[in-house]
Amino acid sequence: MDLTERRKQFLQQLMSLYEKTGLPVHYVTLARLIGVSKWTAYDMLKELEKNGLLKRDYTIKPHETGRSMIVFTPTAEAENLFGKQRNTICSIEELKYIKNSVIGLLEEVRILRLQQAVDLFVDKISHVSIQSEFCLYILGLLILYLNALGKTQKQMVEHLFKVSNRPEIQLTMFVGTVIGTTIQPVGYELGPEITKLIALFFSYLDKSSLEELKTLTDFVQEAIA
């Protein structure tokens, strides 16, 4: 689907807000963010709704019992539209360079609180343009949660990671184990944003070459060592 740059701007900003809050977006909120009138924002969102990229809903205004307001959420078509814009890696050397950059970032954020580090990674993820780079940042995001736990839990995850020698199984087990045994104990629920990112991670994993998969497993082994 072809969209004007202006419509892309509105849609991307709305999707970013929705991912950060997990809540439908009121057109007035979007208008303030972009710097346009509320009527301009409303008209633009109606057009995106006609294109099947947004879904309209109604919610009760805070502190105004009985009064509703119009809000919008992105559809699966909108998510697919932007998901498809991430390209496959053009060079395995480039991917290894990105891998080392993410490992470096993991070291840098050790001084931050967990939620601050998570927010930084989520912001990075929203800007990457390569599928394998996206996967590296998702794995890095999960390693942040893993690092918040003690040595015993880390060793358990590291052991499970080595059970298989097939990269796709190793990565699937790693993600599932971290989600199931570390994120909940750390005290954070998987919000809608993280849930969608994980789902997209697995869709990209299915499209990855053996070299890309091997680089991803090397990343995990180096990052949790």
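Conventions used here
- Residues numbered from 1 in each chain as written.
- Predicted model: local features only at pLDDT ≥ 70, side-chain atom pairs only at ≥ 80, totals over all residues.
- Heavy atoms only, no water.
- Salt bridge = Lys/Arg side-chain N within 4 Å of Asp/Glu carboxyl O.
- Helix = DSSP H or I, 4+ residues; strand = E, 2+ residues; numbered from the N terminus.
- Buried < 20%, exposed > 50% of the residue type's maximum accessible area, 1.4 Å probe, protein only.
- Phe/Tyr/Trp six-rings, centres within 6.5 Å; stacked < 30°, edge-to-face > 60°.
- Pairing = 2+ DSSP bridges.
- Contact = heavy atoms within 4.5 Å.
- Axes fitted to C-alpha atoms, helices over the stretch in contact; angles between N-to-C directions.
- Core = buried A, V, L, I, M, F, W, Y, C linked by side-chain atoms within 4.5 Å.
- Expected span 1.5 Å × (residues − 1).
- Arc of directions from axis to C-beta.

### Thoughts on the pattern of salt bridges
Part 1 of the argument: Counting across every chain of the model gives eight salt bridges.
Part 2 of the argument: The partner of Lys99 in a salt bridge is Glu222, and the shortest N-O contact between them spans 2.9 Å. A residue pair is termed long-range when its members are at least 10 positions apart, and Lys99 in helix H5 (residues 92-108) and Glu222 in helix H11 (residues 210-224) qualify at 123 residues.
Part 3 of the argument: One salt bridge connects Lys214 with Asp218, and the closest N-O pair in it is separated by 2.8 Å. Of this pair, Lys214 and Asp218 both sit in helix H11, separated by four residues, roughly a single helical turn.
Part 4 of the argument: Note on Lys214: relative accessible area 43%, which makes it partly exposed.
Part 5 of the argument: Look at the salt bridges and you will find they share partners, linking Arg7, Glu47 and Lys50 into a network.

### A word on the packing of aromatic side chains
Part 1 of the argument: A complete count under the given rule lists five aromatic pairs for this structure.
Part 2 of the argument: Summarising the aromatic geometry, the rings of Tyr27 and Tyr42 are spaced 4.9 Å apart at their centres and angled 45° between planes, so their arrangement reads as tilted. On the criterion of sequence distance, the pair formed by Tyr27 in helix H2 (residues 27-34) and Tyr42 in helix H3 (residues 38-50) is long-range, its members being 15 residues apart.
Part 3 of the argument: Residue classification places Tyr42 among the buried positions, given a relative accessible area of 16%.

### Description of the sheet that holds strand S1 (residues 25-26)
Part 1 of the argument: With antiparallel pairing, three strands are arranged side by side in an open sheet as S1-S3-S2. The two strands at the open ends of the sheet, each matched to only one other strand, are S1 and strand S2 (54-60).
Part 2 of the argument: By the bridge criterion, two bridges tie S1 to strand S3 (residues 68-74) in an arrangement that is antiparallel. Counterpart to Val25 in the pairing with S3 is Phe72.
Part 3 of the argument: Of the strands in this sheet, S2 and S3 touch H3, which is tilted by about 125° from S2.

### Notes on the nonpolar core
Part 1 of the argument: Ranked by size, the top nonpolar core spans 47 residues in total, and within it Phe121, Leu139, Leu141, Leu144, Phe174 and Phe219 carry the most contacts.
Part 2 of the argument: Taken together, the elements giving at least two residues each to this core come down to H5, helix H6 (114-125), helix H7 (131-147), helix H8 (151-161), helix H9 (167-186), helix H10 (192-207) and H11.
Part 3 of the argument: Broken down by element, this core gets its largest block of residues, twelve residues, from H7.
Part 4 of the argument: With residues up to four places along the chain from it excluded, the contact list for Phe219 reads Lys99, Val102, Ile103, Leu106, Leu136, Leu139, Gly140 and Ile143.
Part 5 of the argument: Of all hydrophobic cores here, the second largest spans 24 residues; its members include Leu14, Leu17, Ala31 and Tyr42.

### Observations regarding the environment of Lys8
Part 1 of the argument: In this structure, Lys8 sits in helix H1 (residues 5-21).
Part 2 of the argument: Note: C-alpha distance between Lys8 and Leu48 (40 residues apart in sequence) is 9.4 Å.

### What to know about H5
Part 1 of the argument: If you check H5, its first and last C-alpha atoms are 24 Å apart, about what 17 residues at 1.5 Å a residue would give, namely 24 Å.
Part 2 of the argument: Buried within H5 we find Ile92, Leu95, Ile98, Lys99, Val102, Ile103, Leu105 and Leu106. Buried positions in H5, seen along its axis, are confined to an arc of 155° and lie on one side of it. Exposed and facing more than 90 degrees away from the buried side of H5 are Glu93, Tyr97 and Glu108.
Part 3 of the argument: In this structure, the buried side of H5 is in contact with H6, H7 and H11.

### Here we look at the environment of Ala76
Part 1 of the argument: On the secondary structure map, Ala76 appears in helix H4 (residues 76-83).
Part 2 of the argument: On the accessibility criterion, Ala76 (52% relative accessible area) is exposed.
Part 3 of the argument: Sequence-wise, Ala76 and Leu54 are 22 residues apart; in three dimensions their C-alpha atoms are separated by 8.9 Å.

### Concerning H3
Part 1 of the argument: Look at H3: 18 Å from first C-alpha to last across 13 residues, which is about the 18 Å you get at 1.5 Å a residue.
Part 2 of the argument: All buried positions along H3 are accounted for by Ala41, Tyr42, Met44, Leu45 and Leu48. Down the axis of H3, the buried side of the element spans an arc of 165°, and every buried residue falls inside it. Within H3, the exposed residues directed more than 90 degrees away from the buried face are Trp39 and Lys50.
Part 3 of the argument: Among the structural elements, H1, H2, S2 and S3 are those in contact with the buried residues of H3.
Part 4 of the argument: Positioned one or two residues after H3, Gly52 has a phi angle of 80°, which is positive.

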